Amino acid sequence: MSLNSEFKALVLDLDAEGKVSASFETLSNDRLPEGDTTIAVEYSSLNYKDGMILNGQGRLVRDYPHVPGVDFVGTVEACDTGAFEVGQKVICTGWRVGEVHWGGFSTRARVKSKWLVPLPDALSARQSMAIGTAGLTAMLALMALEEHGLTPGSEGEVLVTGAAGGVGSVAVALLAALGYRVAAGTGRESTHAYLTDLGATTIVSREELEQAPRGPLGKERWSAAIDSVGGPILANLLAALNYGGSCAAVGLAASPKLEATVLPFLLRGVNLLGIDSVNAPKARRVQAWHRLAGELPKDKLDAITHVRGLSEAVQLGGEILKGQIQGRTVIDVNA
Ligand code: NDP
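Conventions we followed
- Going along each chain's sequence as written, the residues are numbered from 1 onward.
- A pLDDT threshold of at least 70 governs which residues receive local features in this predicted model, and a stricter bar of 80 or more applies before side-chain atom pairs are shown or counted, although totals over entire chains, interfaces and linings include all residues.
- Values reported for side chains reflect all heavy atoms of the structure, with hydrogen atoms and water molecules removed beforehand.
- Accessible area is worked out with a 1.4 Å probe on protein chains only. A residue is then buried under 20% of its type maximum, exposed over 50%, and partly exposed in between.
- For helices the rule is a DSSP run of H or I covering at least 4 residues; for strands it is a run of E covering at least 2, with both sets numbered from the N terminus onward.
- Contacts are assigned to residue pairs that have any heavy atoms within 4.5 Å of one another.
- Two joining distances apply to patches: 9 Å for like charges and 5 Å for nonpolar side chains (Val, Leu, Ile, Met, Phe, Trp, Tyr), and every residue must have over 30% relative accessible area and no salt bridge.
- Here, Shrake-Rupley sampling with a 1.4 Å probe gives the accessible areas, and only protein chains in the shown set may cover a residue.
- Put simply, a salt bridge is a Lys or Arg side-chain nitrogen that is within 4 Å of an Asp or Glu carboxyl oxygen.
- Residue types Ala, Val, Leu, Ile, Met, Phe, Trp, Tyr and Cys, when buried and joined through side-chain atoms within 4.5 Å, form a set referred to as a nonpolar core.
- Residue ranges assigned to each domain were obtained from an automatic or database domain assignment.
- Under the rule applied, a polar contact is a pair of N or O atoms within 3.5 Å (in protein, one hydrogen donor and one hydrogen acceptor; residues adjacent in sequence only if both atoms are side-chain atoms).
- Counted as positive: Lys and Arg. Counted as negative: Asp and Glu, with His and the chain ends omitted from the count.
- Taken as the charge centre is NZ of Lys, CZ of Arg, CG of Asp or CD of Glu, depending on the residue.
- When at least one non-hydrogen atom of a residue lies within 4 Å of a molecule or strand, that residue is treated as near it.
- Ten residues, namely Ala, Val, Leu, Ile, Met, Phe, Trp, Tyr, Cys and Pro, are considered nonpolar, four, namely Asp, Glu, Lys and Arg, are considered charged, and the remaining ones, Gly among them, are considered polar.

1. Points about helix H6 (residues 231–238)
Residues spaced three or four apart along an α-helix point in a common direction, a consequence of the helix completing one turn every 3.6 residues. Counting buried residues in H6 gives seven out of eight residues, a clear majority hidden from the surface. Those residues of H6 not exposed but buried are Gly231, Ile233, Leu234, Ala235, Asn236, Leu237 and Leu238. Each element contacted by the buried residues of H6 is listed here: strand E8 (157–160), helix H5 (206–210), strand E11 (222–227), strand E12 (241–249), helix H7 (263–268) and strand E13 (271–274).

Okay, here's the thing in structure tokens:
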């Protein structure tokens, strides 16, 4: 297949004061990074890490100019390894794409074929990015909890923190669809009806979750938890897990700090499970995508999805860092 000689991308660079600035550029194909597979990108998605990168936080990007976008879906235009056919739809998440390697806020991307997974038949390209890195992470968290004994019959509710955000929304919808009773922890009163519609059985306020227990351990309350906020909320929920319960720690939207005691581990046998979607082995990703395609209800997925144009990405990156984004935002790179 002969490729257009140019592509369009959102390009980040550093200004004279070392601040990150963004511009839309038309680039020739010789600017594409190294890789064996070239993809015509259709959609990317907005993730918390994109917000950090667009705002120069966390020193995630080493070299500028840089094209952000930590995930994307598109059509293979060329594949030197033969792993994918020209015309095949593929998904890319992780492997530090959009951080160290140019990412999906672009109409064309070039990556290693081993970073790609086939788009499952049951998902459209748009739906795959409505799931995106955040949704994949929610599924990886659920898989880890199940491997540590969680079943829909486990006593008590599963707590999801940061519930109205990207990871949280997919987690609530997924758990509810599989028959779990879900407590959604949120700081936004305006999201209560949204979370109930996704299947949450209980809404818990952020203030309540921030209240430390009186002693080193609280009352046993949660069968398990998926936590995307960290900080005091993570420490407190560990002290309120049922005996032998697990928390899948996913993110740090409140804080990277963990000021917990060892007592929940010593006296209740709880487990703290780290979830890393960036380096998750390919076989596990393929399994997670397969499950997402089959088990996440499409009506719920559509209910959490907003589609926006690439020109809005910078503004949206600021909003996600402020906790103002609800659900999942798909970026249509051709809009
Ligand atoms: P979102 O911004 O969409 O969601 C985060 C949610 O956290 C917000 O919507 C808000 O939920 C809550 N929140 C925000 N600030 C605070 C605060 N100060 N205190 C308490 N709660 C807060 O982000 P994502 O869902 O995309 O990502 C969530 C986290 O997961 C991020 O830290 C991200 O980096 C991480 N992540 C990790 C991955 C991994 O592989 N481990 C992959 C993907 C994401 P509400 O309004 O309901 O209170």
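2. Considerations on a nonpolar patch on the surface
A cluster of nonpolar side chains, Leu258, Val262, Phe265, Leu266, Leu267 and Leu272, forms an exposed patch at the surface whose accessible area comes to about 540 Å². No other element matches the three residues that H7 contributes to the nonpolar patch. Tracing the chain through its elements places Leu266 in helix H7.

3. Thoughts on the nonpolar core
Formed by 53 residues in total, the largest nonpolar core has its most connected members in Val172, Leu175, Trp289, Leu292 and Leu296. Within the residue set of this core, elements represented by two or more residues are helix H2 (125–147), E8, helix H3 (166–177), strand E9 (182–186), helix H4 (192–198), E11 and helix H8 (282–295).

4. With respect to the domain arrangement of the chain
For the chain, the assigned domains are domain 1 (6–119 + 304–332) and domain 2 (133–274). Between domain 1 and domain 2, the C-alpha centre-to-centre distance is 30 Å. With 13 residues of domain 1 in contact, the opposing surface of domain 2 contributes 14 residues. Counting across the domain 1 and domain 2 interface gives zero salt bridges. Viewed at the interface, domain 2 and domain 1 are joined by six residue pairs in polar contact (both at pLDDT 80 or more).

5. Section: a negative patch on the surface
On the surface, Asp13, Asp15, Glu17 and Glu25 cluster together into a patch of negative charge. With respect to the helices, strands and loops of the structure, Asp15 is situated in the loop between strand E1 (6–14) and strand E2 (20–28).

6. Focus on unusual backbone geometry
The omega torsion of the bond from Tyr64 to Pro65 falls at -5°, within 30 degrees of zero and hence cis. Within the fold, Pro65 resides in the loop between helix H1 (48–54) and strand E4 (71–79). With a phi close to 55°, Trp95 is a non-glycine residue in the positive phi region. One can find Trp95 in the loop between strand E5 (89–93) and strand E6 (108–111).

7. Regarding the side chain of His101
One can find His101 in the loop between E5 and E6. Contacts of His101, omitting those with residues within four sequence positions, involve Pro33, Glu34, His66, Val67, Arg96, Arg110, Val111 and Trp115.

8. Details of the site of the ligand
The immediate surroundings of the ligand are formed by 25 residues, with Thr186, Gly187, Arg188, Ile275 and Ser277 found nearest. In the environment of the ligand, an oxygen atom lies 2.6 Å from a nitrogen or oxygen atom belonging to the side chain of Arg188. Between the ligand and Leu252, the relevant distance is 2.9 Å, taken from an oxygen atom to a main-chain nitrogen or oxygen of the residue. Contact with the protein chains hides 89% of the accessible area of the ligand, taken as 920 Å² for the molecule alone. Mapped onto the shell around the ligand, the elements with two or more residues apiece are H2 and H3. Residues that form the shell around the ligand fall into these classes: twelve nonpolar, ten polar and three charged. In terms of domain composition, the shell around the ligand takes at least three residues from each of domain 1 (6–119 + 304–332) and domain 2 (133–274).

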